[in-house]
Amino acid sequence: MLPWDARRARAAGSQQASAQFPFGRRLPCDIYWHGVSFHDNDIFSGQVNKFPGMTEMVRKITLSRAVRTMQDLFPVEYNFYPRSWILPEEFPLFVDEVQMMKESDPSWKPTFIVKPDGGCQGDGIYLVKDPSDVRLTGSLQNRPAVVQEYICKPLLVDKLKFDIRLYVLLKSLEPLEIYVAKDGLSRFCTEPYQEPTVKNLHQVFMHLTNYSLNIHSGNFIHSDNANTGSKRTFSSILCRLSSRGADVKKVWSDIISLVIKTIIALTPELKVYYQSDIPAGKPGPTCFQILGFDILLMKNLKPMLLEVNANPSMRIEHEQELSPGVFENVPSPVDEEVKVAVIRDTLRLVDPQKKKRKDIQEKFLAWFADGLEYDTSKTTEAGLPSLCLKQVFPKYAKQFNYLRLVDKVAALFIRFLGVKGTTKLGPTGFRTFIRNCKLSNSNFSMASVDILYIDITRRWNSMGIDHRESGMCLQAFVEAFFYLAQKKYKSLPLHEQVASLIDFCEYHLAALDEKRLVCGRGILERRSAVATSQTEGLQLTASAHNTPPKAQSHS
Ligand code: ADP
């Protein structure tokens, strides 16, 4: 059963209400399709199309922080994300670093893009040439933002800047399973691109590729053809690049690598949210999620990550103004070509009961195509076009597993969280972690451990990210862990220090587990020995009772 969220259904143009349960449903479902987040309904079984914490994780600030942690460990591997600073707290750092970079390279004439946290559709975004132009008063003070190096030399097609929306299915967190859609959308600006100058900085139709903005430009072209217009398929762009001799295979493999690395950056915190909402040992639900990756190709064809969307639009139609003030929803063939395949394949992949597969697909396709004259002859199993979602992880796991260090740090963090349902580590949990991993010694007393805990926790909590619970969040724990690794293994690169400390901790925890097991076994053996002797005692007593009176009298 598919309790489609009413908004999603409306967005996709359905008039068929029978498969929707907007007010919940008593019988459990196989798949729950939420419109916004995991918490839309209380679910205890089946599969939900949202992970707990995903919306929080892909906010501009959280994503920047998660990627930055990975950039600290693996700067070269994570150079697909523009240098970013978090405002207002890192404004002084931003000013200093820009100053330093300008001094070391006087020819560097950067532009920066300021993006309010939690914003979307280009809302509140503006460009500046100098840190002093960042608006630190008024709305920004109440609204934290990310300021990012602006990519000045994007690849242009027909003289226009464009970005790529790629759909990615995170099918499972543990084990990690990622699928990437074979095709995506290219969304075009509507004014010819020029490198940023003070004069053109405010021209949104030139610099921002958002569909929601450019649709309001007189130059926006709705096209029935995937190769032209302001929204095209990404494959049509690749065809053009290929005909110009570009190595499109390399472009794809760079994009896949960007996607896998970005998800690797997100998984540690997602696992903390997951264990909090779905504690281990509970029957479910399990989660999957379709994510929208926004990617910019640079002139040299290097893909750069702009952002990740937890709720990418699945609309397959657009509004058209028939006469002034009169709008009508009309099918958008480009959206339909890309999105229907993504949803169909997602359902196919997450279907828990393969025998029901055909039934669900037919229902869905009929529903989705309602009013769109979708060719339902395609709905038979044999008639389905080839899969559009391609597995990239674990397929390429060998190439990327070495990057999953923070995942292991998160596993340590989760082990010491203690109370089920929490996401933050208390001081006792932190002390136990230090003690069990044998990290305290004459140079690092337990008093210093407490100071470290208080310092880092206070600083992270003052950033005002999550006030629901007190204690140390994962990112703060990661910072403390990196500090301990640097202290213990001087003169190694950071990722080696961290990897060595992980090994050290895991070794001591395994030894402790072993000891507990032996102790437990010892206790069990002792208990069973006591139990046996008690039983024997009982038998003795019993036999004493059974002793013939004669013998008794002998004794
Ligand atoms: P929103 O969530 O508001 O859409 P984005 O981060 O996607 O915010 O940015 C909006 C648009 O701004 C992007 O689609 C892209 O065209 C442009 N943009 C964003 N960041 C950069 C950047 N670092 N360099 C160049 N262009 C960018």
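The following refers to the structure shown. All chains use their own residue numbering, which begins from 1 and follows the written sequence. Given that this is a predicted model, residues contribute local features only at a pLDDT of at least 70 and side-chain atom pairs are listed and counted only at 80 or more, while totals for whole chains, interfaces and linings are drawn from all residues. In computing side-chain values, all of the structure's heavy atoms are included and hydrogens and water are not.

1. With respect to the packing of aromatic side chains
Centre distance and the angle of the planes are the two values used to describe a pair of aromatic rings. Selection criterion: For this analysis, a ring pair means two rings from Phe, Tyr or Trp (six-membered ring only for Trp) whose centres lie within 6.5 Å, classed as stacked if their planes differ by under 30 degrees, edge-to-face if by over 60, and tilted for the remaining angles. A run of H or I in DSSP counts as a helix once it spans at least four residues, and a run of E counts as a strand once it spans at least two, with each numbered from the N terminus. Note on geometry: a ring has a charge over it if NZ (lysine) or CZ (arginine) is within 6 Å of the ring centre and within 35 degrees of the ring normal.
All told, the structure shown has 20 aromatic pairs when counted by the stated rule. Centre to centre, the rings of Phe430 and Phe433 are 5.8 Å apart; their planes meet at 45 degrees, and the pair counts as tilted. Taken as a pair, Phe430 and Phe433 lie in helix H14 (residues 427–436) at a separation of three residues, close to a single helical turn. Grouped by ring-pair contacts, the aromatic residues Phe413, Phe416, Phe430, Phe433, Tyr453, Phe477 and Phe481 constitute a single cluster. Seen from the ring of Tyr211, Lys231 lies directly overhead, with NZ or CZ sitting 3.9 Å from the centre. Seen from the ring of Phe504, Lys488 lies directly overhead, with NZ or CZ sitting 4.0 Å from the centre.

2. Some thoughts on the nonpolar core
The condition that has to hold: As used here, the term nonpolar core means buried Ala, Val, Leu, Ile, Met, Phe, Trp, Tyr and Cys residues forming a set that is joined through side-chain atoms within 4.5 Å. Between buried and exposed lies partly exposed: a residue is buried under 20% and exposed over 50% of the maximum accessible area for its type, with that area taken using a 1.4 Å probe on protein chains only. Whether two residues are in contact is decided by their heavy atoms, any of which lying within 4.5 Å being enough.
Among the nonpolar cores identified, the biggest contains 104 residues, and Phe293, Phe430 and Phe433 are the most heavily contacted of them. A total of 15 residues in this core trace back to one element, the largest contributor, which is helix H9 (residues 248–277). Setting aside residues no more than four positions away along its own chain, Phe430 makes contact with Leu425, Val449, Leu452, Tyr453, Met472, Phe477 and Ala480. Within the second largest apolar cluster, 20 residues are counted, among which are Tyr179, Ile290, Val342 and Leu347.

3. Thoughts on the pairing of strand E15 (residues 317–323)
Note the cut-off: Only strands that DSSP links by at least two bridges are regarded as paired with each other.
Where E15 lies against strand E16 (residues 326–331), six bridges are found, and the strand directions are antiparallel. Paired with His318 across the strands is Val330, a residue of E16. Hairpin connection, E15 to E16: the antiparallel pair is bridged by two residues, and Gly325 has positive phi, about 85 degrees.

4. Observations concerning the site of the ligand
For clarity, the cut-off: A molecule or strand has a residue near it when one of that residue's heavy atoms lies within 4 Å. Nitrogen and oxygen atoms within 3.5 Å of one another constitute a polar contact, given that in protein one can donate a hydrogen and the other can accept it, and given that sequence-neighbouring residues count only through two side-chain atoms. Accessible surface is estimated by sampling points in the Shrake-Rupley manner with a 1.4 Å probe; for residues, cover comes only from the protein chains shown.
Surveying the vicinity of the ligand reveals 23 residues, the closest of which are Lys115, Gly122, Thr209, Asn210 and Glu307. Lys60 places a polar side-chain atom, nitrogen or oxygen, 2.9 Å from an oxygen atom of the ligand. Contact between the ligand and Asp163: an oxygen atom at 3.3 Å from a side-chain N or O atom of the residue. Burial of the ligand by the surrounding chains reaches 99%, relative to a free accessible area of 550 Å².

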